[in-house]
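Chain by chain, the residues:
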Amino acid sequence: MPTAANLEEIALQLKGRDFLGLVDYSPEEIRYLLDLAIELKRKQKSGEVYQPLKGKSLGMIFEKSSTRTRVSFEVGMFQLGGQALFLSRNDIQMGRGETIRDTAQTMSRYLDGIILRTFGHRNVVELARGATIPVINALSDQSHPCQALADYQTVLEHKGKLEGLKVAYIGDGNNVLHSLMMGAAKLGMHFASASPEGYDPSESSVKSSREAAAETGARIDVLRDAREAVEGADIIYTDVWASMGFEEEQKEREKAFKNYQVNEQLVKNAKADYLFMHCLPAHRGEEVTEGVIDGKHSVIFDEAENRLHAQKAVMAAIM
């Protein structure tokens, strides 16, 4: 168990930091954020007012639409005592030719933090380089660290631990997979993914995750066989076959992913008390059957709720 001095040291380390990906955070820092998220959830459920960001403002730049991301950040900032300003691509000059760096420097004069939900990961990196205030990656094509943090908070609440558990991810090697894989590596978990040929996670993400895993005793397996990945799993995770921006590939992807559906037959290979997780939105009958996603093992709405608490922890810690 960390001492009070250790926790204070971690808290100081986090102040003013960007939150672009879990790769930038130590295992101790990630666990600190998870424990803080659980504590903030307890406070909110008990009606305890906690407003460390009173008088502060968060700029929310959305180049991609969202349900969970927008609502959870906006409500979270309000609950922490601050205000959030929603900015679509059409609301600011960044969408009409102003450089990201100029936008970052200008917004740093008005705000106390910025989130960006974008396409290219280079956009959020460039925004962070130009800003003098904390920048949070609310989703990029490379990573989705806020989602992964909420996911592991959910696992911790249901399983009581993280180290030594096995996560099986079935489907597209996308940003969600990348962040889950890195989170598992940092937290000492066994992570196994299964994707069809041509849809594997990026080589750079696998490499960096395995480097992190070597430090914690975690194990990272990138497989082709869904059944092999799910064997003995504590958590089964999937995502849509065609993420936002890839809708035109829907038919092609349906053919490629036909053997990667999470269904009643596949989950028999997991542990009897497995958890089913999905970042949502879901397409029932495609990547997962209705019986699994709406069944007794599913924790998808606990997971969705925890986006609020996990993101509050990030904002409270770095802002």
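Keep in mind that this is a model prediction, so the values were computed, not measured. (Residues numbered from 1 in each chain as written. Predicted model: local features only at pLDDT ≥ 70, side-chain atom pairs only at ≥ 80, totals over all residues. Heavy atoms only, no water.)

1. Considering the layout of surface pockets
Stage number 1. Taken as a whole, the second largest pocket encloses approximately 480 Å³ of empty space.
Stage number 2. Forming the boundary of the second largest pocket are 17 residues, of which Pro2, Pro27, Glu28, Arg31 and Asp35 lie nearest the centre.
Stage number 3. Those elements that place two or more of their residues in the lining of the second largest pocket are α1 (4–14), α2 (27–45) and α7 (175–187).
Stage number 4. Among the residues forming the lining of the second largest pocket, the class breakdown is nine nonpolar, two polar and six charged. (1 Å grid on protein atoms, 1.4 Å probe; cavity = no way out; pocket = protein on both sides within 12 Å on 5 of 7 lines; lining within 4 Å. Points joined across faces, edges and corners; volume = space filled by probe spheres on them. Helix = DSSP H or I, 4+ residues; strand = E, 2+ residues; numbered from the N terminus. Nonpolar A, V, L, I, M, F, W, Y, C, P; charged D, E, K, R; others polar.)

2. Concerning the packing of helix α4 (residues 100–110) against helix α5 (residues 121–130)
Stage number 1. Running from N to C, α4 and α5 point in directions that differ by 45°, and their axes come no closer than 8 Å. Between α4 and α5, the angle falls in the class oblique. When the axes of α4 and α5 are compared, the crossing they make is right-handed. Contact residues: α4 offers Ile100, Arg101, Ala104 and Gln105, while α5 offers Asn123, Glu126, Leu127, Arg129 and Gly130.
Stage number 2. Of the residues in the contact of α4 with α5, the class split is three nonpolar, three polar and three charged. (Axes fitted to C-alpha atoms, helices over the stretch in contact; angles between N-to-C directions. Parallel < 35°, antiparallel > 145°, perpendicular 65-115°, else oblique. Left-handed = near helix turned anticlockwise from the far one by under 90°. Contact = heavy atoms within 4.5 Å.)

3. Thoughts on the nonpolar core
Nonpolar side chains in soluble globular proteins tend to be buried together.
Stage number 1. Counting residues in hydrophobic clusters, the biggest one holds 62 residues, and the most contacted among them are Phe19, Leu33, Phe73, Ile136, Tyr152, Phe191 and Met315.
Stage number 2. With eight residues, the single largest contributor to this core is α7.
Stage number 3. Residue contacts for Ile136: discarding those within four places in its chain leaves Phe19, Phe73, Ile114, Ile115, Leu116, Val124, Cys146, Val314, Met315 and Ile318.
Stage number 4. By size, the runner-up hydrophobic cluster in this structure holds 26 residues, among which are Leu223, Leu280, Val288 and Val292. (Core = buried A, V, L, I, M, F, W, Y, C linked by side-chain atoms within 4.5 Å. Buried < 20%, exposed > 50% of the residue type's maximum accessible area, 1.4 Å probe, protein only.)

4. Let's talk about the pattern of salt bridges
Stage number 1. Applying the stated criterion to the full structure yields 18 salt bridges.
Stage number 2. In this structure, Glu39 engages Lys43 in a salt bridge whose closest nitrogen and oxygen atoms are separated by 3.6 Å. Of this pair, Glu39 and Lys43 both sit in helix α2, four residues apart, roughly one helical turn.
Stage number 3. Under the relative-accessibility criterion, Lys43 is labelled buried at 13%.
Stage number 4. Note that Asp221 is salt-bridged to Arg219, the shortest N-O span being 2.8 Å.
Stage number 5. Taking relative accessible area as the criterion, Arg219 reaches 49% and is therefore assigned partly exposed.
Stage number 6. The structure contains a network of salt bridges with shared partners spanning Glu39, Arg42, Lys43 and Glu48. (Salt bridge = Lys/Arg side-chain N within 4 Å of Asp/Glu carboxyl O.)

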